[in-house]
Protein chains: 4
Amino acid sequence: MEINGVEIKDNYAEGFGIKVTRILVTAATKRLAKIAATEATGYGTSVIGCPAEAGIDCYVPPTETPDGRPGYVIMLCQGSKKQLDHELLERIGMCILTAPTTAAFNVLDDADEELKTGFKLKFFGDGFEDELEIDGRKMHSIPIMSGDFLVESTFGFKAGVAGGNFFILAENQMAGVMAAEAAVDAISAVEGVITPFPGGMVASGSKVGCNNYKFLNASTNEKMCVTLKDKVDSDIREDANGVFEIVIDGIDEESVRAAMKAGIEAACNVPGVLEIDAGNFGGNLGAYKINLQDLF
Amino acid sequence: MEINGVEIKDNYAEGFGIKVTRILVTAATKRLAKIAATEATGYGTSVIGCPAEAGIDCYVPPTETPDGRPGYVIMLCQGSKKQLDHELLERIGMCILTAPTTAAFNVLDDADEELKTGFKLKFFGDGFEDELEIDGRKMHSIPIMSGDFLVESTFGFKAGVAGGNFFILAENQMAGVMAAEAAVDAISAVEGVITPFPGGMVASGSKVGCNNYKFLNASTNEKMCVTLKDKVDSDIREDANGVFEIVIDGIDEESVRAAMKAGIEAACNVPGVLEIDAGNFGGNLGAYKINLQDLF
Amino acid sequence: MEINGVEIKDNYAEGFGIKVTRILVTAATKRLAKIAATEATGYGTSVIGCPAEAGIDCYVPPTETPDGRPGYVIMLCQGSKKQLDHELLERIGMCILTAPTTAAFNVLDDADEELKTGFKLKFFGDGFEDELEIDGRKMHSIPIMSGDFLVESTFGFKAGVAGGNFFILAENQMAGVMAAEAAVDAISAVEGVITPFPGGMVASGSKVGCNNYKFLNASTNEKMCVTLKDKVDSDIREDANGVFEIVIDGIDEESVRAAMKAGIEAACNVPGVLEIDAGNFGGNLGAYKINLQDLF
Amino acid sequence: MEINGVEIKDNYAEGFGIKVTRILVTAATKRLAKIAATEATGYGTSVIGCPAEAGIDCYVPPTETPDGRPGYVIMLCQGSKKQLDHELLERIGMCILTAPTTAAFNVLDDADEELKTGFKLKFFGDGFEDELEIDGRKMHSIPIMSGDFLVESTFGFKAGVAGGNFFILAENQMAGVMAAEAAVDAISAVEGVITPFPGGMVASGSKVGCNNYKFLNASTNEKMCVTLKDKVDSDIREDANGVFEIVIDGIDEESVRAAMKAGIEAACNVPGVLEIDAGNFGGNLGAYKINLQDLF
């Protein structure tokens, strides 16, 4: 199968279950909302080594937010409920509450369960906190130095999908970077998903285990390394010298599929892209199998 | 004392010892270096609730970096050597190694001790890693999907200073935000320091302990909350309705002092600023006492 | 009338007729499209001294553009058809054709007339140009150094509205800037309008004529200058020390009204804003009178 | 000659004389200064079709500006003194005076002549203007809506150099874009120069005259068009499919040479770059001939 002359491999992405939250961060201006959203979602590429997977889902204009101010929806994801609870508390408490003019709202539909993040944060008010309702939501108002921080009492989480992915194989590294950026641009218009890696793209790939160093659970996937093409039994075609992966977390499989489709179509519009492939672990580890060709 | 009509209080900032590192992140372009630096320094406002204090120190043009590419110096700070070691490993491994086209160099002068971050990361190469020298530095080359990730073998850390600070009291919240931004702009031209909070400024202040909820170690400092001015014995002057704090971490006291000076002068240039104050805990907790008026 | 405690004056904005165009600039990535759109709309605040009024209307994700790439809609406005023709030719030819990976499409609905911008630009191809159809549009393909530049053959213009406006009076300059930024954020979500001044806001106001220097047709409106409040019969209330104007050009009166409404509501959400007023010339110069209170 | 495996052709860039100005635009924050600088330098790629060549030279931190606020140095260039005078008046008057919180200073050393831009702008004050000295400079203070606009009385210009240039030939378009971006990053650290095209790079090249349409003075340089490689006697090597030009204007030949050197070295660091060439017109048109290989 080809799109715009780019080969779409008959392969599938293997996704995993993860618990996802969606938090709307509003502020006086779009720029201030972005600052808080960026701080709160940093150090959040993969739960393999980061305390959470995190990213900005979408921008919401002031006419569509509960407090009439511009905002960004961020997603925080974790496999463990306990760790998710901790991450919400700390990322909202340390990175949003401390940011200028912000408020935080729960914008996850159809939650499986609720975390009492706002309820816990209110005690920081030391008795001066208050309770109010905005747009039918129970909010806590916590006096801080520069004003009152408003935070919704509970934040829902639900079973979502992590690890939706596709690989972009390009003529060289720079065409790969640009195609990955184009893919991320397209995915950012799909609601309910994030691309948690830096700039939305992944420059490195892992395999399970490590042949040379037994103490490691994961190591570089040498079959997908462009500089090892001539040294190993490579999975990279001869003419490809730049490979990047797009990893997607979403609120459900449908969102992840929509993001993969939009991202792949965008990447195939970039000159120098040769092939789209997907990453999986033989299908034994993850609950979701998304075939690339089935997306179109 | 007054600067530009703004009162500088006769008060001091109380700073603490912290272990600091300085890492140069280079990439193919300035923008790609910024993406990696931002991801690696997120979720890093304060060790009270974040796993590290982190931020971007300065930009370095390609003519002045070891590999001739543009880069950003980031600083990662922690009180505990063990946790600092963990943070360097994960933030470089998960947020820089995974980012497009990056490399990481140690740029801390006069280190007290070394962390073997690059040495540990190299095992990810599963035997395909290599060693080389760049600019007299021992580097590891780790094959990843899109090329080779270069990382210096060791990263030094030294005893630095956390919690350098000053408060900006302004006529209203927006004048406070703008003055804080101007201060951060000025501080970003001082080498060897970061302002780890979102956008470089802090909207909330804490006191030690909590009067109403004994289970909390820290709570809002009600005496510095603008919306509580009429309800408590406030430390905020009558005409101030916007208060922001700038918190500074630096490689040494001299750098922190230079940053405080530059930041205060810049804030005093912004219309609507009334007073500069500083935060301390009575001098019993921190090793550094920096009097505001002594800076000028 | 009050919104959120801010007084909305019973006054009207006086708008003028202007000829407007809407051009979609696409590129390989969102960032590259923004670069071209920004260059093409610079030096375009007001036809009083600039060759055109110009700005970015909105972002269009790749799934909604004719060529499946991300793009920005820009608007170029002029009173004279001949000058508009010149501006389109030069701004597209010098600022978009020369920019990396771009294409330009006509996205104005219900045009009154057409300009043959693409048809004229094609001759730059020196016989190597070609013609093709994209999405039912007649396009010219012009070979340039880095590839082929695609441009629609004709660009429509229609009778639009310039000079939609409102004033934000705030406690101080910084609250005024932030409120203006919040207003611009809100207006940017309204399609069919631009705010052509720097950052979308105007720091200076003019009156017709000049009392002291007869050779000038326009001069500072001293009654609206915050630093002249005590020297002239000022129109600024005693407690206001920061005044900014938002000027809006749109494809029709309805769009301008929607933008004014969204912008005013957003500004009234910013602490330190006291009053919203509007600018007019007694109603004798412009064809459009938009009363502020009628918007709500 | 080769740099990093990239061929540096034995060819020269042909530069032209142009009149250059350097204007420091300061504002309350770095971001506000950038907004004004960007608006004032838009629509300024080449005097072939734009009213001026314009761009941002460098950022200046608040500690190094005359008014202690952050600023950007912009350069406005024109061949004609009369048109340069007009451009300074309108770009400062319409794009900087109207922008929030700005001031404008003359920062050209060794001027050949002076333009009375500030002196002319002061009449906008309608008698309320004032005169003051900052840092030994004669400034005019013009009351505007949001405060007082400060502008230096005169702005110098001098004989500078336009059209410094080099071509980047890359494996494909995307490697070319990234290499051009890296070159622009490097050049932005060289003082006294601008890269006036969108994003600092040029996607199209011209030749003098037009073979097919005699009414045109300039047309596409078909010998440098990647899509015409097989149709004409091309100057592009077989393996190159992406070509971008960097055009540099500077205050003198030395600055332009330094910029060319820094830009070429940076481009040669980007994977996928094959060759660096330069553009000239046989040496008969321009006064400056800068050989590429002589730079190293």
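Residues numbered from 1 in each chain as written. Chains lettered and ligands numbered in written order. Predicted model: local features only at pLDDT ≥ 70, side-chain atom pairs only at ≥ 80, totals over all residues. Heavy atoms only, no water.

Per an unreviewed UniProt entry, chain A goes by Formylmethanofuran--tetrahydromethanopterin formyltransferase and derives from Methanobrevibacter smithii DSM 2375. The record held by UniProt for chain A lists under Subcellular location (unreviewed entry) the comment "Cytoplasm". Looking at the Sequence similarities (unreviewed entry) heading of the UniProt record, one finds this comment for chain A: "Belongs to the FTR family." (UniProt positions renumbered as here; feature names shortened; annotations may be inferred.)

Right, let's talk about the overall build of chain A for a bit. Of the regular secondary structure elements, chain A holds five helices and 17 strands. Taking 2.2 N^0.38 as the reference for a compact globule, 296 residues should give roughly 19 Å; the C-alpha atoms of chain A span a radius of gyration of 20 Å, in line with that estimate. A buried classification covers 67% of the 296 residues belonging to chain A. Long-range contacts, defined here as pairs at least 24 residues apart, represent 74% of the contacts in chain A between residues at least 6 apart. When the accessible surface of chain A is summed, it comes to about 9,900 Å², and 45% of that surface belongs to carbon and sulfur atoms. (Helix = DSSP H or I, 4+ residues; strand = E, 2+ residues; numbered from the N terminus. Rg over C-alpha atoms; globule rule 2.2 N^0.38 Å. Buried < 20%, exposed > 50% of the residue type's maximum accessible area, 1.4 Å probe, protein only. Contact = heavy atoms within 4.5 Å. Areas by Shrake-Rupley, 256 points an atom, 1.4 Å probe, with all protein chains shown as cover.)

Quick look at the interface of chain B and chain C now. At the interface, 11 residues of chain B touch 11 residues of chain C. Surface buried jointly by chain B and chain C totals about 920 Å² across both partners, of which 67% is contributed by carbon and sulfur atoms. Sorting the residues of chain B by area buried against chain C places N172(B), M174(B) and M178(B) first, and these three jointly supply 52% of that buried surface. At the boundary of chain B with chain C, the tally comes to zero salt bridges. Across the contact surface, chain B and chain C share three residue pairs in polar contact (both at pLDDT 80 or more). Of the residues contributing to the side of chain B that touches chain C, the split by class is six nonpolar, three polar and two charged. (Buried area = accessible area lost by both parts, 1.4 Å probe. Salt bridge = Lys/Arg side-chain N within 4 Å of Asp/Glu carboxyl O. Polar contact = N/O pair within 3.5 Å; in protein donor to acceptor, adjacent residues only side chain to side chain. Nonpolar A, V, L, I, M, F, W, Y, C, P; charged D, E, K, R; others polar.)

On to the relation of the copies chain B and chain C. The transformation that overlays chain B on chain C combines an axial shift of 0.0 Å with a rotation of 180°, and the residual RMSD is 0.0 Å. What the superposition gives is, in effect, a two-fold axis relating one chain to the other. Interface overlap between copies is the fraction of interface residues in one copy that are interface residues in the other; for chain B against chain C it reaches 100%, indicating a shared surface. (Least-squares fit on C-alpha atoms with pLDDT ≥ 70 in both.)

This next bit is on the state of the cysteines. On inspection of all chains with the given rule, the structure shows zero disulfides over all chains. In this structure C50(C) is not part of a disulfide, and its nearest cysteine sulfur, from C95(D), lies 4.3 Å away. Given a relative accessible area of 4%, C50(C) falls into the buried group. (Disulfide = S-S within 2.5 Å.)

So, on to the interface of chain A and chain B. Quite often, the size of an interface is put as the accessible area lost when its parts meet. Contacts between chain A and chain B engage 75 residues on the former and 75 residues on the latter. Roughly 5,800 Å² of surface becomes buried between chain A and chain B when both sides are summed, with 66% attributable to carbon and sulfur atoms. Of all residues in chain A, the largest losses of buried area upon contact with chain B belong to Y43(A), D126(A) and M145(A), amounting jointly to 16% of the total for that side. Where chain A packs against chain B, one counts four salt bridges. Summed over the shared surface of chain A and chain B, the number is 34 residue pairs in polar contact (both at pLDDT 80 or more). Put simply, the parts of the chain that give the side of chain A that touches chain B at least two residues each are helix 1 (30-41), helix 2 (81-96), strand 9 (137-144), strand 10 (147-152), helix 4 (173-187), strand 13 (206-208), strand 14 (218-220) and strand 15 (242-250) of chain A.

Further remarks concern the relation of the copies chain A and chain B. Between the two chain copies there is a screw-like relation: a rotation about an axis and a shift along it. The transformation that overlays chain A on chain B combines an axial shift of 0.0 Å with a rotation of 180°, and the residual RMSD is 0.0 Å. Looking at chain A, 100% of its interface residues are interface residues in chain B too, so the copies touch through the same face.

Topologically, M145(A) is positioned in the loop between strand 9 and strand 10. Counting along the chain gives 68 residues from M145(A) to C77(A), while the straight-line C-alpha distance between them is 30 Å. Ignoring anything within four residues of it in the chain, the contact list for M145(A) reads F167(B), V202(B), A203(B), S204(B), G205(B), M224(B), C225(B), V226(B), V243(B), F244(B) and E245(B).

Counting across every chain of the model gives 24 aromatic pairs over all chains. Geometrically, the ring pair formed by Y213(A) and F215(A) is tilted, given 6.0 Å between the ring centres and 40° between the ring planes. The exposure class assigned to F215(A) is exposed, which follows from its relative accessible area of 58%. Ring pairs connect the aromatic residues F119(A), F123(A), Y213(B) and F215(B), which therefore count as one cluster. The ring of Y59(A) carries K30(A) above its face, with NZ or CZ at 4.2 Å from the centroid. (Phe/Tyr/Trp six-rings, centres within 6.5 Å; stacked < 30°, edge-to-face > 60°. Lys NZ or Arg CZ within 6 Å of the ring centre and 35° of its normal.)

Two elements in contact, helix 4 (residues 173-187) of chain B and helix 4 (residues 173-187) of chain C, have axes whose closest approach is 7 Å; the angle formed by their N-to-C orientations is 90°. As the angle between them shows, helix 4 of chain B and helix 4 of chain C are arranged roughly perpendicular. For the pair helix 4 of chain B and helix 4 of chain C, the contacting residues are M174(B), A175(B), V177(B) and M178(B) in the first and M174(C), A175(C), V177(C) and M178(C) in the second. Grouping the constituent residues of the contact of helix 4 of chain B with helix 4 of chain C by class yields eight nonpolar, no polar and no charged. (Axes fitted to C-alpha atoms, helices over the stretch in contact; angles between N-to-C directions. Parallel < 35°, antiparallel > 145°, perpendicular 65-115°, else oblique.)

As a further point, take unusual backbone geometry. Generally, phi is negative for residues other than glycine and the peptide bonds are trans, each holding for most cases. All names here are of chain B. We note that N4 has phi near 55°; this positive angle belongs to a residue other than glycine. Among the structural elements, N4 can be located in the loop between strand 1 (2-3) and strand 2 (6-8). On the basis of relative accessible area, N4 is assigned to the exposed category, the value being 54%.

This part is about helix 1 (residues 30-41) of chain B. Residues and elements named next belong to chain B. The end-to-end C-alpha distance of helix 1, which contains 12 residues, comes to 16 Å, matching closely the 16 Å that a straight helix rising 1.5 Å per residue would cover. Residues L32, A33, A36, A37, E39, A40 and T41 constitute the buried set of helix 1. At the exit of helix 1 stands Y43, carrying a positive phi of roughly 45°. (Expected span 1.5 Å × (residues − 1).)

Now for helix 2 of chain A. Residue and element names in this part refer to chain A. Helix length check: helix 2, at 16 residues, gives a terminal C-alpha distance of 21 Å against a target of 22 Å (1.5 Å per residue), a fit within 8%. Listing the buried residues of helix 2 in full gives L84, D85, E87, L88, E90, R91, I92, G93, M94, C95 and I96. A distance of 3.3 Å separates the backbone nitrogen of K82 from a side-chain oxygen at the start of helix 2, and that oxygen is part of S80.

As a further point, take the packing of helix 1 (residues 30-41) of chain C against helix 2 (residues 81-96) of chain C. Residue and element names in this part refer to chain C. The interhelical angle for the contact between helix 1 and helix 2, taken along N-to-C directions, is 140°, at an axis separation of 9 Å. As the angle between them shows, helix 1 and helix 2 are arranged oblique. Like other packed secondary-structure pairs, helix 1 and helix 2 cross with a definite hand, here right-handed. Facing helix 1, whose interface residues are A36, E39, A40 and T41, helix 2 presents R91, C95 and I96. (Left-handed = near helix turned anticlockwise from the far one by under 90°.)

Quick look at the environment of A180(A) now. Residue and element names in this part refer to chain A. You can see A180 is positioned in helix 4. Sequence spacing of A180 and V243 is 63 residues, and the spatial spacing of their C-alpha atoms is 9.4 Å. If we skip the residues at most four places from it in the chain, A180 touches I168, M201, F244 and I246.

Residue and element names in this part refer to chain A. Examined at the domain level, chain A breaks down into domain 1 (2-14 + 161-295) and domain 2 (18-158). Placing a centre on the C-alpha atoms of domain 1 and another on those of domain 2 gives a separation of 30 Å. Of the roughly 1,100 Å² buried where domain 1 meets domain 2, counting both sides, 62% is carbon and sulfur surface. On the domain 1 side of the interface with domain 2, the three residues burying the most area are I194, P196 and I251, jointly 42% of the side's total. Inspection of the region where domain 1 meets domain 2 yields one salt bridge. A salt bridge links R22 to E191; the shortest N-O distance between them is 3.8 Å. Across the contact surface, domain 1 and domain 2 share one residue pair in polar contact (both at pLDDT 80 or more). Taken together, the elements giving at least two residues each to the side of domain 1 that touches domain 2 come down to strand 11 (155-170), strand 12 (193-194) and strand 15. Of the residues that constitute the side of domain 1 that touches domain 2, the class distribution is nine nonpolar, three polar and two charged. (Domains from an automatic or database assignment.)

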